[in-house]
Amino acid sequence: MQDLVKEKPFKPLVVSFCCNWCSYAGADLAGSSRLEYPAEVKIIRIPCSCRVDPLFVLRAFQRGADGVIINGCHPGDCHYSTGNYYTRRRMAMLFSMLDFIGIEKERTRLEWVSAAEGARFASVMNEFVGELREMGENKRLGDIRCKE
Ligand code: FES
């Protein structure tokens, strides 16, 4: 009888921060080009990648995210000149501390996606979600008050 009951495949919840000027436009292009990427990716539009406070990443994990990806313009292309340089340094610090907190750093990523790279956006999301599926559910840092 148990053989008849198939287990549902694990669907990781992915929070994807996208800067307005490049990555969000890249995601938009992926959509309008009908390129497929998993529906588990929840996009949060931000003015610039440097708007992502490291606490946003930790809060996402606390609220049940299995992976967090920050997308910004390529270095040198930031709409605000140097925003993504700050992001790069900030996230390097955060990612190096994640193991200490108890979260595999592979659950986080920083990617540069331009407005013309819809295909790259879709392939990065497919790859990231594929890796998270293999890693399984994030059981660390979850705040039980956030579970319903
Ligand atoms: Fe895209 Fe700053 S505007 S990273």
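In short, a report on the structure. Since the model is a prediction, treat every value here as computed from it, not as a measurement. (Residues numbered from 1 in each chain as written. Predicted model: local features only at pLDDT ≥ 70, side-chain atom pairs only at ≥ 80, totals over all residues. Heavy atoms only, no water.)

Quick look at the packing of helix H1 (residues 23-32) against helix H4 (residues 118-135) now. One way to put it is that H1 packs onto H4 with a least axis distance of 7 Å and a crossing angle of 90°. The angle between H1 and H4 falls in the class roughly perpendicular. Facing Ser23, Gly26, Ala27, Leu29 and Ala30 of H1, the residues of H4 in contact are Gly118, Phe121 and Ala122. A class-by-class count of the residues in the contact of H1 with H4 yields 5 nonpolar, 3 polar and no charged. (Axes fitted to C-alpha atoms, helices over the stretch in contact; angles between N-to-C directions. Helix = DSSP H or I, 4+ residues; strand = E, 2+ residues; numbered from the N terminus. Parallel < 35°, antiparallel > 145°, perpendicular 65-115°, else oblique. Contact = heavy atoms within 4.5 Å. Nonpolar A, V, L, I, M, F, W, Y, C, P; charged D, E, K, R; others polar.)

A full pass over the atoms with the stated rule returns 8 salt bridges. Ionic pairing is found between Asp99 and Lys105, a salt bridge with its closest N-O pair at 3.3 Å. Here Asp99 falls in the partly exposed class, since its relative accessible area comes to 46%. Each member of the salt-bridge network shares a partner with another, and the members are Arg109, Glu111, Glu117, Arg120, Glu127 and Glu131. (Salt bridge = Lys/Arg side-chain N within 4 Å of Asp/Glu carboxyl O. Buried < 20%, exposed > 50% of the residue type's maximum accessible area, 1.4 Å probe, protein only.)

Taken as a whole and assessed by the stated rule, the structure comprises 2 aromatic pairs. When the ring of Tyr37 is compared with that of Phe121, the centres are 5.2 Å apart and the planes differ by 85°; the resulting orientation is edge-to-face. With Tyr37 in the loop between H1 and strand E2 (41-46) and Phe121 in helix H4, the pair connects residues that are 84 residues apart, well separated along the chain. Residue classification places Phe121 among the buried positions, given a relative accessible area of 0%. Cation over ring: Arg89 sits above Tyr86, and NZ or CZ is 5.9 Å from the ring centre. (Phe/Tyr/Trp six-rings, centres within 6.5 Å; stacked < 30°, edge-to-face > 60°. Lys NZ or Arg CZ within 6 Å of the ring centre and 35° of its normal.)

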